[in-house]
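Overview (structure and organization)
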Amino acid sequence: MRDGILDDLRDRVAGPVLLPGDAGYEAARTPWNLSVDQRVDAVVEAAHADDVVAAVRFARERGLGVSAQPSGHGAAPLAGGTILLRTGALDEVSFEPGRAAIRVGAGVPWSRVQEVASPHGLTGLLGSAPHTSVVGYTLGGGLSWFSRRWGRASDHVTAFDVVTADGETARVEAESDPELFWALRGGGGDFAIVTAMEFGLQEAGLVHGGQMMWPGAKAAAVLAAFREVTWNAPPELTVWLRLFRPPVPDGEPMVIVDSAFLGAAHEAERLLKPLAAAGAPVLDTRRGRRPADLGDITGDPVDPSPLRARTEMLTDLDDTTLYALAGAARDLPPLVAVQIRHLDGALTASTGAAGPIGDPFLISMMAVPFGPPEPGLARRRALADALSLSGGPKPFTLLAPEEAAAAAFAPRALDRLRAIKHERDPDRVVRSNHPVLG
Ligand SMILES: Cc1cc2nc3c(=O)[nH]c(=O)nc-3n(C[C@H](O)[C@H](O)[C@H](O)COP(=O)(O)OP(=O)(O)OC[C@H]3O[C@@H](n4cnc5c(N)ncnc54)[C@H](O)[C@@H]3O)c2cc1C
């Protein structure tokens, strides 16, 4: 795609266009998740929404696809004939004090929303990593610290500005285009390129939360106490448990409980009381935090990482599952972390394509592949075999690069998404990381 064609694309867009062989192409095509190798025909770094229109029209005319990617935390191998559209420069943030709503461009990370909203006692429904983009996360539903209280991030979207697969701009709201509005709220990035999004914010003052850490030898006791905490947890309390072993020689296994509570400190203390049975933690970072500081709780990696994670849904934390997890804590490598998230609450009533989550817990098993492509695969499979897995739909945002979109949806929702894709984009110009047509 060099020479004349390249000149054509460069004439049409204001932002940089990079092709294989160009200086800067390798860096531009590399996603945040370094374990995914994206060999794309070109990278377009959109300078503004008109560049998105131009890139989509160009791709359409030449039988190519366009895949938007703000940073690539959710990167998956892209099919040949794809233009990778970087959206980082679409960085508009519009917020009027007094209104619990905000408008963001497609490249804005959660950290910017939180910095704007926090001083007004407001929060967005961000997940554990504030450096992921609001739009990429929300198109996949978005599983937040606060989803037990307020559902998924996608439940609170009021409008999308999009470029359709025909290269036309449109504003998509519940009334203007109910089918596309439904699909964009959790169905992923297969239906249009979003240039900006508007959504409601929630009231949150100080959030009481942090990390409690024990040596891995305490895993059985912490797991049992964690289960007891979840039995009595109100929607305002979110607790996640992590088995962790630093990927360094002689790294000591640890067990960690991360929590966030929308309420008073003494009430958080009472609700987490069962954890006292595991003895005093060796580290306890719990304190009142501004919603802008939530990212400090888990301390997720900010710099690009070669991360491989597989998420499964759990029907229960029964004794067999706890026993298997306690065993995993003793023998984690080549996994670096296993995380259990407590779900339930408002997630059971989530709307849009993301839909409700019926399972009360999920488990994510993470490996860092330095050598062979999947060193954690056998270990993950062995652990998964020992657990009470439901096989139910998983959060779209947590699909592994190799997983199909079908793993994230109930059959009726998947059929509806496929019908919308057939109708709106039969030529598959817009390409998601997990295409609904497989
Ligand atoms: C360390 C870590 C922690 C995480 N924690 C959570 C969590 O707590 N909760 C949770 O739900 N998820 C979580 N995720 C997953 C994350 O939300 C997804 O990877 C999500 O895709 C957002 O990442 P991103 O902004 O880098 O999007 P990218 O990976 O850059 O994009 C993902 C996909 O979104 C679509 N897309 C993005 N922008 C547009 C656009 N403008 N128009 C159309 N389609 C678009 C595309 O299909 C693209 O392939 C985590 C991921 C990591 C690596």
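All values reported here derive from a predicted model rather than from experimental measurement. (Residues numbered from 1 in each chain as written. Predicted model: local features only at pLDDT ≥ 70, side-chain atom pairs only at ≥ 80, totals over all residues. Heavy atoms only, no water.)

**Some points on the packing of aromatic side chains**
- A complete count under the given rule lists six aromatic pairs for this structure.
- Summarising the aromatic geometry, the rings of Trp110 and Phe199 are spaced 5.7 Å apart at their centres and angled 75° between planes, so their arrangement reads as edge-to-face. Remark: Phe199 occurs in strand E10 (residues 193–200) and Trp110 occurs in helix H4 (residues 110–117); sequence separation between them is 89 residues.
- Overall, the relative accessible area of 1% leaves Trp110 in the buried class.
- When the centroid spacing of 5.9 Å and the interplanar angle of 75° are considered together, the rings of Phe146 and Trp150 count as edge-to-face. In terms of burial, Phe146 and Trp150 fall into one category: buried. (Phe/Tyr/Trp six-rings, centres within 6.5 Å; stacked < 30°, edge-to-face > 60°. Helix = DSSP H or I, 4+ residues; strand = E, 2+ residues; numbered from the N terminus. Buried < 20%, exposed > 50% of the residue type's maximum accessible area, 1.4 Å probe, protein only.)

**Things to note about the nonpolar core**
- Among the nonpolar cores identified, the biggest contains 51 residues, and Val113, Phe160, Leu184 and Phe199 are the most heavily contacted of them.
- Every element with two or more residues in this core is listed here: strand E6 (101–105), H4, helix H5 (134–139), strand E8 (157–163), helix H7 (178–184), E10 and helix H12 (411–424).
- The greatest single-element share of this core, amounting to five residues, is contributed by H7.
- Counting residues domain by domain, this core receives three or more from each of domain 1 (93–203) and domain 2 (207–400).
- Counting 40 residues, the second largest nonpolar core, distinct from the first, contains Trp214, Leu275, Ala278 and Ala326. (Core = buried A, V, L, I, M, F, W, Y, C linked by side-chain atoms within 4.5 Å. Domains from an automatic or database assignment.)

**Side note on the environment of Gln69**
- Mapped onto the fold, Gln69 is located in the loop between strand E3 (65–68) and strand E4 (82–86).
- Taking C-alpha positions, Gln69 is 30 Å from Val239, a pair spaced 170 residues apart along the chain.
- Residues in contact with Gln69, not counting those within four places in the same chain, are Pro31, Gln38, Ala75, Leu84, Leu85, Arg86 and Thr87.
- At 2.7 Å, the side chain of Gln69 forms a polar contact with the side chain of Gln38. (Contact = heavy atoms within 4.5 Å. Polar contact = N/O pair within 3.5 Å; in protein donor to acceptor, adjacent residues only side chain to side chain.)

**Overview of the domain arrangement of the protein chain**
- Under the domain assignment, the protein chain is made up of domain 1 (93–203) and domain 2 (207–400).
- Relative to domain 2, the C-alpha centre of domain 1 lies at a distance of 25 Å.
- Counting from both sides, the interface comprises 32 residues of domain 1 and, opposite them, 42 residues of domain 2.
- With both sides pooled, the region where domain 1 packs onto domain 2 buries about 3,000 Å², and carbon together with sulfur makes up 60% of that total.
- The interface formed by domain 1 and domain 2 includes two salt bridges.
- Taking the shortest distance from any N to any O, the salt bridge between Glu115 and Arg290 comes out at 3.5 Å.
- Mapped onto the side of domain 1 that touches domain 2, the elements with two or more residues apiece are H4, strand E7 (122–123), helix H6 (147–150) and H7.
- Ranked by the residues each element gives to the side of domain 1 that touches domain 2, the list is headed by H6, at four residues. (Buried area = accessible area lost by both parts, 1.4 Å probe. Salt bridge = Lys/Arg side-chain N within 4 Å of Asp/Glu carboxyl O.)

**Points about the pairing of strand E2 (residues 42–45)**
- Where strand E1 (residues 17–18) meets E2, two bridges bridge the pair, whose relative direction is antiparallel. If you follow Leu18 over to E2, its bridge partner there is Val43.
- Across four bridges, E2 lies against E4 in parallel orientation. Bridged to Ala42 within E4 is Ile83. (Pairing = 2+ DSSP bridges.)

**Here we look at the side chain of Asp258**
- Positionally, Asp258 belongs in strand E14 (residues 254–261).
- Within polar-contact distance, the side chain of Asp258 engages the side chain of Arg242 at 3.0 Å.

**Details of the site of the ligand**
- As a structural note, the neighbourhood of the ligand is formed by 31 residues, with Ser71, Gly72, Gly74, Ser133 and Thr397 the closest of them.
- Between the ligand and the protein, one listed contact pairs an oxygen atom with a backbone N or O atom of Pro70 at 3.2 Å.
- When the ligand is considered free in solution it has 960 Å² of accessible area, and contact with the protein chains removes 95% of it.
- Broken down by secondary-structure element, the contributors of at least two residues to the shell around the ligand are H5 and E10. (Near = heavy atom within 4 Å. Areas by Shrake-Rupley, 256 points an atom, 1.4 Å probe, with all protein chains shown as cover.)

**Re the UniProt feature "domain: FAD-binding PCMH-type" (unreviewed entry) in the protein chain**
- Per the UniProt annotation, the sites labelled "domain: FAD-binding PCMH-type" (unreviewed entry) are residues 36–204.
- Secondary structure content for residues 36–204 is 22% helix and 26% strand, and the end C-alpha separation is 36 Å. (UniProt positions renumbered as here; feature names shortened; annotations may be inferred.)

**Here we look at the packing of helix H8 (residues 219–231) against helix H10 (residues 319–330)**
- Two elements in contact, H8 and H10, have axes separated by 9 Å at closest approach and are oriented at 140°. Considering the angle they form, H8 stands oblique to H10. Handedness of the H8/H10 crossing: right-handed. Here H8 contributes Ala219, Ala220, Leu223, Ala224 and Arg227 to the contact with H10, which in turn contributes Asp319, Leu322, Leu325, Ala326 and Ala329.
- Considering only residue class, the contact of H8 with H10 consists of eight nonpolar, no polar and two charged. (Axes fitted to C-alpha atoms, helices over the stretch in contact; angles between N-to-C directions. Parallel < 35°, antiparallel > 145°, perpendicular 65-115°, else oblique. Left-handed = near helix turned anticlockwise from the far one by under 90°. Nonpolar A, V, L, I, M, F, W, Y, C, P; charged D, E, K, R; others polar.)

**With respect to unusual backbone geometry**
- Of the consecutive residues Pro333 and Pro334, the connecting peptide bond is found in the cis state with omega at 10°.
- The backbone phi angle of Asp344 is positive, close to 65°, even though this residue is not glycine.
- Mapped onto the secondary structure, Asp344 falls in the loop between strand E18 (335–342) and strand E19 (361–367).
- Overall, the relative accessible area of 25% leaves Asp344 in the partly exposed class.

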